[in-house]
Amino acid sequence: MDVNVGKLARLLRMAGFDTLYDRCWKDDKLVALCCRERRILLTRDLGLLQRKQVEFGRYIRALGPSEQLLEVIGLLGLERHVVPFSRCMVCNCPLQPIAKEKINHRLQPLTRKYYNSFSRCPGCRRIYWPGSHLDGMRQLLPSGAGAE
Ligand SMILES: [Zn+2]
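Overview of the structure. (Residues numbered from 1 in each chain as written. Predicted model: local features only at pLDDT ≥ 70, side-chain atom pairs only at ≥ 80, totals over all residues. Heavy atoms only, no water.)

**Let's talk about the coordination of the zinc ion**
Within the protein, the zinc ion binds to Cys 88 (SG), Cys 91 (SG), Cys 121 (SG) and Cys 124 (SG); these donor distances fall in the range 2.1 to 2.3 Å. Metal-centred angles of 101 to 115° between the four donor atoms at the zinc ion mark the site as tetrahedral. Coordination of the zinc ion draws on donor residues from a single chain, spaced C-x2-C-x29-C-x2-C in sequence. The exposure class of Cys 121 is buried, given its relative accessible area of 0%. (Donors = N, O, S within 2.8 Å, 3.2 Å for Na, K, Ca; no water. Tetrahedral: all angles 85-135°; square planar, octahedral: opposite > 155°, others 65-115°. Buried < 20%, exposed > 50% of the residue type's maximum accessible area, 1.4 Å probe, protein only.)

Pasting the structure below:
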């Protein structure tokens, strides 16, 4: 993914998709990485997509991150593959479930009171739970996507 779709990267991870993004990457590095790992290049840069090394690339039309998310999900037919909060939004690591007792001291009082299931990122140790973040994301996704 390139810089024009940076916020989209976080949303895609939030929806559970393995997404690489770093705003420091130069175009050459980005293209090489896509080739090596056979990843789909998502960009708003047509010049980048026209490079002959790019095997799988998609041009993103939408400007806003939430519209971009819907566009990608539709474009690639990902509706059935959404797994909310299975991946860290910041570092892309798959989240691991963690017992509430182990992280109790890190929770805000209301979170501690109302939630019992938590996950932690093995990379940055951020904690995720099915709270307000999840509701916010459900509104962004097509209806039915990611529902249990
Ligand atoms: Zn993380």
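**Examining unusual backbone geometry**
The phi angle at Asn 92 is positive, at roughly 75°, despite the residue not being glycine. With respect to the helices and strands, the residue Asn 92 is situated in the loop between helix H4 (65–76) and strand E3 (96–98). Positive phi, close to 70°, is recorded for Arg 125, a residue that is not glycine. Following the sequence through the fold, Arg 125 ends up in the loop between strand E4 (118–120) and strand E5 (127–128). Judged by relative accessible area, Arg 125 falls into the partly exposed class, the value being 46%. (Helix = DSSP H or I, 4+ residues; strand = E, 2+ residues; numbered from the N terminus.)

**Overview of the pattern of salt bridges**
Overall, the coordinates contain five salt bridges when judged by the stated rule. Here Arg 39 ties to Asp 18 by a salt bridge, and the two come within 3.0 Å at their closest N and O atoms. Placement of the pair is Arg 39 in the loop between helix H2 (27–37) and strand E1 (41–43) and Asp 18 in the loop between helix H1 (6–14) and H2, with a sequence separation of 21 residues. Judged by relative accessible area, Arg 39 falls into the buried class, the value being 19%. Overall, the relative accessible area of 43% leaves Asp 18 in the partly exposed class. For Arg 87, the salt bridge is made with Asp 18, and the minimal N-O distance between the two is 4.0 Å. Of the two residues, Arg 87 is situated in the loop between H4 and E3 and Asp 18 in the loop between H1 and H2; the sequence distance between them amounts to 69 residues. (Salt bridge = Lys/Arg side-chain N within 4 Å of Asp/Glu carboxyl O.)

**Section: the packing of aromatic side chains**
Within the structure shown, the criterion is met by one aromatic pair. Between the aromatic rings of Phe 118 and Trp 129, the centroid separation amounts to 6.2 Å while the plane-to-plane angle is 55°, which identifies the pairing as tilted. A residue pair is termed long-range when its members are at least 10 positions apart, and Phe 118 in strand E4 and Trp 129 in the loop between E5 and helix H7 (132–140) qualify at 11 residues. (Phe/Tyr/Trp six-rings, centres within 6.5 Å; stacked < 30°, edge-to-face > 60°.)

**Details of the environment of Tyr 115**
With respect to the secondary-structure elements, Tyr 115 resides in the loop between helix H6 (109–114) and E4. With 15 residues separating them along the chain, Tyr 115 and Pro 130 place their C-alpha atoms 7.6 Å apart.

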